[in-house]
Amino acid sequence: MEQKLALILQKCKTIKQLKQTHLQILINCLKNRNFLATKLMSLSSDFISLDYANKVFQDVSKPNLISYNTLIKCSIGKSHENAIFVYNRMRELDISSNSFTFTFLLSCFESFHKLECGKMLHCHVLKMGFESSIFVMNTLLDFYAKCGGDLGLVTKVFDEMTERDVVSWNTMIRTYMSYGEIDFATKLFDSMPEKNLVTWNTVVSGLVKGGKMELANEMFQQMPERNSVSWNVMISGYVKSGDVKSAKAIFDEMPERSIVSWTTMVSGYATTGDIGSARMIFSQMPVKNVVSWNAMIAGCVNCHMFDEALSVFHHMLSDGKCKPDQTTLISVLSACTHLNSHEHGKWIESYIRKNNFELSVPLGNALIDMFSKCGDLENAKAIFEKMPERCIITWTTMVSGLTLNGCCREALELFDKMCSEGLKPDDVIFIAVLSACNHGGLVEDGKRVFSQMVHDFGIEPRIEHYGCMVDILGRAGRIEEAIGFIESMNLEPNAIIWATLLSACKIHGNGSSFESSMRKILEQEPNNPSYLKLITNISSSAGQWQDALNFRVATRDGNMEKVPGCSSIQVGESVHEFVARDTSHPGRKEVYRALRSLNRHLKPMHRNVIALSLFLSPTVTFKKIIKKRSTEQFSGMPYVMALLNCLLYFWYGLPFITRNNYLVSAINGAGIVIESTFVLIFLIFSPKKEKAKVLGILVCIIALFSTVALVSIFAFHKGNERKLFCGFVSMIFAILMYAAPLSSMVPNSFGCVLGAMQLTLYAIYRSNKGDTKKATIYESSETGKGSTLAIPMTDNP
């Protein structure tokens, strides 16, 4: 029965099968059999837990040395305390240790880098006479080599060994190589009495890792025999050094190519940007595994060929021989992020759910980044909340995603939440938080966060942090404060800082700082095409045409070209990339033909569209206008016109409804209707905070002017109540139209034209008031003739 249960234990593949077999051992009263107990402990530690293996051990009434050694072996990588406890228990019961006891203990201590425990065990090895065991001493030598951190200690153990074999020499050579002592390693290699294939591979591998490719190639050519490890080490070394041509030569010489060799070549070509050669090698592979597919996909992503990466991924799915792993999905999600392909990214997220992939930290971070940059903030938040574990990169990605989608205040709150949970921020997340303060106009919060970074967390600011702070202050119009901030931090600004100041000075009209920033940029980065392009554009927008022309000529004469931005669009399952004036797309003729056709149809409609958009644009794009107001819309002309309108309405008291003044009444009536429409649209579509502001202004203005109107009516204008009251109503609507919260809705040109028309009619009305029933405007000419404009008037105003 014992032999039968032992055979059954060897065939156990699941926890359920293992527990059923254990139950049979208990039923048949075989729990005290050390032979079954050792097998059961080994399987229990692998399938279930170390605690379960300990319980199996405790059921054995008289465990032998093999049982103790087995339990110590089960502790490797799981618990060094348990290994020490078992070893001490052996000593208490006077159970003699053997070489396996010490090798298992040393391996356990090595897995936890417990150097002090290893040194104590070294004393026990010497006391119990195991220094003569080459098996134990080799393990001890390897332990010190990996955990000691002291080459002298390893050398001492090697020198004190009474007997050495090829394993001892190989361990010592590998140790010298890992410490960078290549000369000592080669001398030791030359003095070896006997060398095997592992020795040669160790030396070649060490030379490759040390970057000594010529010496490694000499050793490789001298090898009496080679295996796949030898060839792959050389190929990998040449690939890492960027010499793909030499790697291909080694690859072609191989008698047998393993899947590792093929994959290394694919990765090598992809690393150098030769995706065509990588794809050719990949297609020639007789067998592919998931690592091969990952190398091809990652290579495409690293070379910014994101649509090609998606194509390879689709081919992998259709092939069906290898299933994607987390590494595959992370690379593909990166491609979706760069392409802004929300459809593909959403499909991958669904694939992850259906195939029960564990939402690991790297995979979760990739999903959050993809959804955030594709504008799907709700799904990004959902992934963030689902993640069982989060690292600092997770929080940084989420903060950046919120900032990118305009939720700057929420990004700042998320950062504060992270700090309250005890997670220490790094310098990268502070860049994301300062960017949120920058885009959200949160000046005081930005200053608080910067101070928190320096004083509370002791992080030394980088140039990116300074740039964010200068941009925050510059966008708020605090140019002098930004310069003072730079001086207070003893910062020597670079071109990035000056470019930030330059943009801010241009926006807020600070001429002296503008010229200073421009000079500093030209001094520090005179040949940077990006900065020259920035200066050219700002000079053009400021009306400095000669300066813009000079910079443009200098850029052209110096053969400096700014790398153009690339746009992409997804049509069906294909993603098309293009740049300005692109001629590389296969369908460029059809695209440009369609554009020319659109231009021909749009030109006749241009003026009508502009005129119509003045009235319709607030209803179509009203939310966008409210969210992003342009400072250019707040010029002084509307306010001047508003003041003139108010004075004219108040002084003349023009009637809204006058039986004879049809033209004047029609103009004023149309203006009031349009103004009322804008106010109504604003109150319907604007956010609550904006509504509250507008309603507050509305109530204040109406209350103020109603009071003035009523006082004027009953004190000075009895008998003209209707005329004066209608004049005040018209004046209120005019004020509302040009008030600051509403000026972003009406183009300045429209307001100026309407005001000019009203002023003209007011002048005509005033000059002819009560004199005649027909207003005549004479235009001087050479003939002395004039033209007339008949406007029905009344003698009584």
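Cut-offs and rules
Residues numbered from 1 in each chain as written. Predicted model: local features only at pLDDT ≥ 70, side-chain atom pairs only at ≥ 80, totals over all residues. Heavy atoms only, no water. Salt bridge = Lys/Arg side-chain N within 4 Å of Asp/Glu carboxyl O. Helix = DSSP H or I, 4+ residues; strand = E, 2+ residues; numbered from the N terminus. Buried < 20%, exposed > 50% of the residue type's maximum accessible area, 1.4 Å probe, protein only. Expected span 1.5 Å × (residues − 1). Arc of directions from axis to C-beta. Contact = heavy atoms within 4.5 Å. Axes fitted to C-alpha atoms, helices over the stretch in contact; angles between N-to-C directions. Parallel < 35°, antiparallel > 145°, perpendicular 65-115°, else oblique. Left-handed = near helix turned anticlockwise from the far one by under 90°. Nonpolar A, V, L, I, M, F, W, Y, C, P; charged D, E, K, R; others polar. Patch = residues over 30% accessible without salt bridge, like charges linked within 9 Å, V, L, I, M, F, W, Y side chains within 5 Å. Areas by Shrake-Rupley, 256 points an atom, 1.4 Å probe, with all protein chains shown as cover. Phe/Tyr/Trp six-rings, centres within 6.5 Å; stacked < 30°, edge-to-face > 60°. UniProt positions renumbered as here; feature names shortened; annotations may be inferred. Disulfide = S-S within 2.5 Å. pLDDT = per-residue confidence, 0-100. Polar contact = N/O pair within 3.5 Å; in protein donor to acceptor, adjacent residues only side chain to side chain.

### Concerning the pattern of salt bridges
Part 1: Within this structure, the stated rule accounts for 20 salt bridges.
Part 2: In this structure, the salt-bridge partner of Lys146 is Asp142, at a minimum N-O distance of 3.3 Å. A residue pair is termed a helical-turn pair when its members lie 3 or 4 positions apart in one helix, as Lys146 and Asp142 do in helix 9 (residues 134–147) at four residues.
Part 3: Residue Lys146 is classed as partly exposed on the basis of its relative accessible area of 46%.
Part 4: Overall, the relative accessible area of 16% leaves Asp142 in the buried class.
Part 5: One salt bridge connects Asp427 with Arg462, and the closest N-O pair in it is separated by 2.6 Å. With Asp427 in helix 27 (residues 427–440) and Arg462 in the loop between helix 28 (443–456) and helix 29 (463–475), this residue pair connects regions lying 35 residues apart in the sequence.
Part 6: Here the residues in one salt-bridge network are Glu110, Asp142, Lys146 and Arg174, joined through shared partners.

### Brief notes about helix 8 (residues 115–127)
Part 1: A rise of 1.5 Å per residue sets the reference length of helix 8, with its 13 residues, at 18 Å; its end C-alpha atoms lie 19 Å apart and thus fit the reference within 8%.
Part 2: When we look at burial in helix 8, the residues that qualify are Leu115, Cys117, Gly118, Leu121, His122, His124 and Val125. Around the axis of helix 8, the buried residues are gathered within 165 degrees of arc, so they sit on the same side. Of the exposed residues in helix 8, those oriented more than 90 degrees away from the buried face are Glu116, Met120 and Lys127.
Part 3: Structurally, helix 8 contributes buried residues whose contacts are with helix 6 (80–92), helix 7 (99–111), helix 9 and helix 10 (151–160).
Part 4: Where helix 8 ends, the next residue or the one after it, Gly129, has phi of about 80 degrees, a positive value.

### Remarks on unusual backbone geometry
Across residues other than glycine, the phi torsion is negative in most instances, and most of the peptide bonds are trans.
Part 1: Positive phi, normally seen in glycine, also occurs at Cys29, with a value near 55 degrees.
Part 2: Its location among the elements puts Cys29 in the loop between helix 2 (15–27) and helix 3 (34–47).
Part 3: With a phi close to 55 degrees, Asn356 is a non-glycine residue in the positive phi region.
Part 4: Following the sequence through the fold, Asn356 ends up in the loop between helix 22 (342–354) and helix 23 (361–373).

### Some remarks on helix 2
Part 1: For helix 2, built from 13 residues, the straight-helix expectation of 18 Å at 1.5 Å per residue is met to within 8% by its first-to-last C-alpha distance of 18 Å.
Part 2: Residues of helix 2 that are buried: Leu18, Thr21, His22 and Ile25. For helix 2, the buried positions fall inside an angular range of 105 degrees around the axis, keeping them on one side. Exposed and oriented more than 90 degrees from the buried face of helix 2 are Lys16 and Ile27.

### Re the packing of helix 20 (residues 306–319) against helix 21 (residues 326–339)
Part 1: Between helix 20 and helix 21, the least distance of the axes is 9 Å, while the angle of their chain directions is 140 degrees. Classified by the angle their axes make, helix 20 and helix 21 are oblique. For helix 20 against helix 21, the interelement crossing comes out left-handed. Only Thr328, Leu329, Val332, Ala335, Cys336, His338 and Leu339 of helix 21 make contact with helix 20, whose side of the interface consists of Phe306, Asp307, Ala309, Leu310, Phe313 and Met316.
Part 2: Residues of the contact of helix 20 with helix 21, tallied by class, amount to 10 nonpolar, two polar and one charged.

### Here's the deal with a nonpolar patch on the surface
Part 1: Together, Val591, Tyr592, Leu595 and Leu598 line one region of the surface with nonpolar side chains, adding up to about 340 Å² of accessible area.
Part 2: Tracing the backbone shows Leu598 in helix 35 (residues 588–602).

### Some words on the side chain of Asn365
Part 1: Relative to the assigned elements, Asn365 resides in helix 23.
Part 2: Aside from chain neighbours lying at most four places away, what touches Asn365 is Met387, Cys391, Ile393, Thr394 and Thr397.

### Comments concerning the packing of aromatic side chains
What characterises a pair of aromatic rings is the spacing of the ring centres plus the angle enclosed by the ring planes.
Part 1: Enumeration over the complete set of coordinates arrives at 19 aromatic pairs.
Part 2: Arranged with centres 5.1 Å apart and planes meeting at 80 degrees, the rings of Phe251 and Trp262 form a pair that is edge-to-face. With Phe251 in helix 16 (residues 244–253) and Trp262 in helix 17 (residues 259–271), the pair connects residues that are 11 residues apart, well separated along the chain. Each member of the pair, Phe251 as well as Trp262, is classed as buried.
Part 3: When the ring of Phe282 is compared with that of Trp293, the centres are 4.9 Å apart and the planes differ by 80 degrees; the resulting orientation is edge-to-face. Of the two residues, Phe282 sits in helix 18 (residues 275–284) while Trp293 sits in helix 19 (residues 290–302), which places them 11 residues apart along the sequence.
Part 4: Among the residues examined, Trp293 registers a relative accessible area of 2% and is labelled buried.
Part 5: Among the aromatic residues, those joined into a ring-pair cluster are Phe313, Trp347, Tyr351 and Phe357.

### Description of the UniProt feature "repeat: PPR" (unreviewed entry) in the protein chain
Part 1: Within this structure's numbering, the places UniProt gives as "repeat: PPR" (unreviewed entry) are residues 165–199, 227–261, 289–323 and 391–425.
Part 2: Between the C-alpha atoms that bound residues 165–199 there is a distance of 12 Å. The span itself is 71% helix and 0% strand.
Part 3: As a span, residues 391–425 carries 74% helix and 0% strand, and end to end its C-alpha atoms are 10 Å apart.

### Focus on the state of the cysteines
Part 1: On inspection of all chains with the given rule, the structure shows zero disulfides.
Part 2: Not part of a disulfide, Cys336 finds its nearest cysteine sulfur in Cys374, a span of 7.4 Å.
Part 3: Left without a disulfide partner, Cys407 is nearest to the cysteine sulfur of Cys408, which lies 7.6 Å away.

### Focus: the packing of helix 3 against helix 5 (residues 65–74)
Part 1: Helix 5 packs onto helix 3 with a crossing angle of 0 degrees between their chain directions and a minimal axis gap of 9 Å. What the angle tells us is that helix 3 and helix 5 run roughly parallel. Residues Asn34, Thr38, Met41, Ser42 and Ser45 of helix 3 form the contact with helix 5, whose participating residues are Ile66, Ser67, Thr70, Leu71 and Cys74.
Part 2: Along the lines of polarity and charge, the residues of the contact of helix 3 with helix 5 split into four nonpolar, six polar and no charged.

### Points about the environment of Cys468
Part 1: Assignment of secondary structure puts Cys468 in helix 29.
Part 2: Placed 31 residues apart in sequence, Cys468 and Cys437 show a C-alpha to C-alpha distance of 8.7 Å.
Part 3: Those residues in contact with Cys468 that lie beyond four places of it in its chain are Ile431, Leu434 and Ser435.

### With respect to the confidence of the model for the protein chain
Part 1: In this model, the protein chain carries a mean pLDDT of 76, and residues with pLDDT of at least 70 account for 63%.
Part 2: At the level of individual helices and strands, the protein chain shows its lowest average pLDDT in helix 37 (residues 622–627), which scores 38, and its highest in helix 23, which scores 95.

### Notes on the side chain of Thr263
Part 1: Position of Thr263 relative to the elements: it lies in helix 17.
Part 2: Relative accessible area serves as the criterion here: at 11%, Thr263 is assigned to the buried category.
Part 3: In this structure the side chain of Thr263 is engaged in a polar contact, spanning 2.8 Å, whose partner is the backbone oxygen of Ile259.
Part 4: The contacts of Thr263, once residues within four sequence positions are left out, are Met285, Asn289, Val291, Ser292 and Ala295.

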